[in-house]
Amino acid sequence: MLSTPKLAAETFPNRGAKPARIVSIDALRGLVILLMLVDHTREFFFRHVPLSDPMDVAATSPGLFFTRLAAHLCAPTFVFLTGVGAWLYAAPRGGARAASDFLWKRGLFLVVLEVTVVSFAWSFELLPDRFFLQVIWAIGLSMLALAALAHLPRIALIGVGLVLVLGHNQLDGVHVAPGGPGHVLWAVLHERTLLPLPWGGDVRTSYPLLPWIGVIALGYAIGPWFARGVEQRWRLRALAVAGGVALLGFVVLRMINGYGEPVAWQVGPDGLHTVMGFLNLTKYPPSADFLLLTLGCGALLLAALERLPTRPVAVLAVFGSVPLFFYIFHLYLLHAINRIAALATGADGLATLPNVASLWLMAAVVAVPCWFACRRFAAVKRASGAWWMRYL
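Residues numbered from 1 in each chain as written. Predicted model: local features only at pLDDT ≥ 70, side-chain atom pairs only at ≥ 80, totals over all residues. Heavy atoms only, no water.

What exactly am I supposed to notice about the environment of Leu302 here?
Among the structural elements, Leu302 can be located in helix H11 (residues 288-305). Here Leu302 falls in the buried class, since its relative accessible area comes to 2%. Residues Leu302 and Arg235, 67 residues apart in the sequence, show an inter-C-alpha distance of 10 Å. Leave out the neighbours within four places in its chain, and Leu302 touches Ser24, Ile25, Leu28, Phe226 and Leu239. (Helix = DSSP H or I, 4+ residues; strand = E, 2+ residues; numbered from the N terminus. Buried < 20%, exposed > 50% of the residue type's maximum accessible area, 1.4 Å probe, protein only. Contact = heavy atoms within 4.5 Å.)

Can you help me understand the sheet that holds strand E1 (residues 130-132) in this one?
Strands belonging to one sheet form pairs held by backbone hydrogen bonds; the direction of such a pair is parallel or antiparallel. Here three strands make up an open sheet; going across it, the order is E1-E3-E2 and the pairing mixed. Edge positions in the open sheet fall to E1 and strand E2 (194-196), since each of these has one partner strand only. Mean inter-strand twist for the sheet, computed between neighbouring axes without regard to direction, equals 25°. Looking at chain direction, E2 and strand E3 (residues 202-204) are connected through three bridges and run antiparallel. Bridged to Leu194 within E3 is Arg204. (Pairing = 2+ DSSP bridges. Axes fitted to C-alpha atoms, helices over the stretch in contact; angles between N-to-C directions.)

Teacher, can you tell me more about the side chain of Ser123 here?
Checked against the element boundaries, Ser123 lands in helix H4 (residues 96-123). On the basis of relative accessible area, Ser123 is assigned to the buried category, the value being 18%. Within polar-contact distance, the side chain of Ser123 engages the backbone oxygen of Ser119 at 3.2 Å. Discounting residues that sit within four places of it in the chain, Ser123 has contacts with Pro128, His335 and Arg339. (Polar contact = N/O pair within 3.5 Å; in protein donor to acceptor, adjacent residues only side chain to side chain.)

I would appreciate a short explanation of the pattern of salt bridges in the present structure.
It is possible for side chains bearing opposite charge to pair when their charged atoms get close. Inspection of the entire model under this criterion finds seven salt bridges. Close ionic contact of Asp39 with Arg42 constitutes a salt bridge, the shortest N to O distance being 3.0 Å. Highlighted residues: Asp39 and Arg42, both in helix H1 (residues 23-45), separated by three residues, approximately one helical turn. Here Asp101 makes a salt bridge to Lys105, at a shortest N to O gap of 3.4 Å. Of this pair, Asp101 and Lys105 both sit in helix H4, separated by four residues, roughly a single helical turn. Note on Asp101: relative accessible area 38%, which makes it partly exposed. (Salt bridge = Lys/Arg side-chain N within 4 Å of Asp/Glu carboxyl O.)

What is the right way to look at the nonpolar core in this model?
Across soluble globular proteins, nonpolar side chains show a tendency to be buried alongside one another. Of all hydrophobic cores here, the largest spans 123 residues; its most connected members are Tyr220 and Phe226. In terms of residue count, the dominant contributor to this core is helix H3 (residues 74-90) (12 residues). In contact with Tyr220, not counting residues within four places along its chain, are Gly83, Val84, Ala86, Trp87, Ala90, Gly95, Ala96, Ala99, Leu146, Ala150 and Leu157. (Core = buried A, V, L, I, M, F, W, Y, C linked by side-chain atoms within 4.5 Å.)

I would appreciate a short explanation of the packing of aromatic side chains in the present structure.
Both the distance between ring centres and the angle between the ring planes are used here to describe each pair of aromatic rings. Counting across every chain of the model gives 15 aromatic pairs. Aromatic pair Trp371 and Phe372: ring centres 5.1 Å apart, planes at 90°, arrangement edge-to-face. Under the relative-accessibility criterion, Trp371 is labelled buried at 18%. Here a set of aromatic residues connected by ring pairs shows up, and it is made of Phe120, Phe124 and Tyr332. (Phe/Tyr/Trp six-rings, centres within 6.5 Å; stacked < 30°, edge-to-face > 60°.)

Would you take a moment to explain helix H6 (residues 154-167) for this structure?
Count 3.6 residues to each turn of an α-helix, and residues three or four apart come out pointing the same way. The end-to-end C-alpha distance of H6 is 19 Å, a good match for the 20 Å that 14 residues give at a rise of 1.5 Å each. By the burial criterion, the buried members of H6 are Leu157, Gly161, Leu164 and Val165. Viewed end-on, H6 has its buried residues packed into an arc of 95°, placing them on one side of the element. Counted as exposed and oriented over 90 degrees from the buried face of H6: Ile155 and Val163. (Expected span 1.5 Å × (residues − 1). Arc of directions from axis to C-beta.)

Structure (structure tokens):
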């Protein structure tokens, strides 16, 4: 059984000093950011394909299915590393109190950002008919929850995280009727649904919150694995064991085909479709199986990135060093390219791409200006002494 090495007080000797970034964490963020870029390219350029769900095994092509499956790594990794990053930020500044002070401010900032800047990036409308409360919203509210949970003893925090990640599917049968007491709160916490707005239109609670609170809590709890006093060999072994246990748990639960995933898998017409059915997991809210698979893969990828040559890791880390900037920048860039392409080709509505391969090619092309923009913004952020730059 693994145990975290004791951390001496001198682990962070310069209280208040700005700690160095951990390249492997930024690189993992950068990797999933690129997968997210492909998926968002699909959102903008593949709307002509008549699919309500690209994970629908019976209706979607294998190429589109696995493209969407790869993007499943993004949200769990972002939320988990947000927890790790919160611990790394707070440890040299006084611990839980510093974490809470930062988390509630940035959490509120992200919630406001989701319904303003991010919403406009998707629709180019100030008041769209429908608002989508997506990953930035979920991260923001999870940070608000962690601002309180960070004061718990570490073992209690791990317990809360595991209960929420593995146990929230026990609540799948709980429903609150629209208009009933607690309907809005339950929709935010655990039920993806539409809520009417006072001025017309509605809002979709795309990312129900409960399991994401568990993910960010677990990320904060393993933050000490990345402290300066921890040997890399120990950390890599811990990440490998944690990732392996998570993946084993996924396989066991999925094979049982009962608890942990609302959508049961069935033997398909061939081996490929059987695998697709096995990997077709619920994301909204993320099932226990979904989180075991994605967090397990994330832990193994993080360990692998610490062993890769410096150059490719450094390239990925440029994206991951300013993830919020990338998120906003790439949405506006993709939407603008689509609108311009539609005007240039005379397309009715949004421009489209013909196949899955073209989606990956378009994403690769868009990644190039994003990389240079991220590198420039990261330099500006490092040089800036403005307090508000910490929130970007």
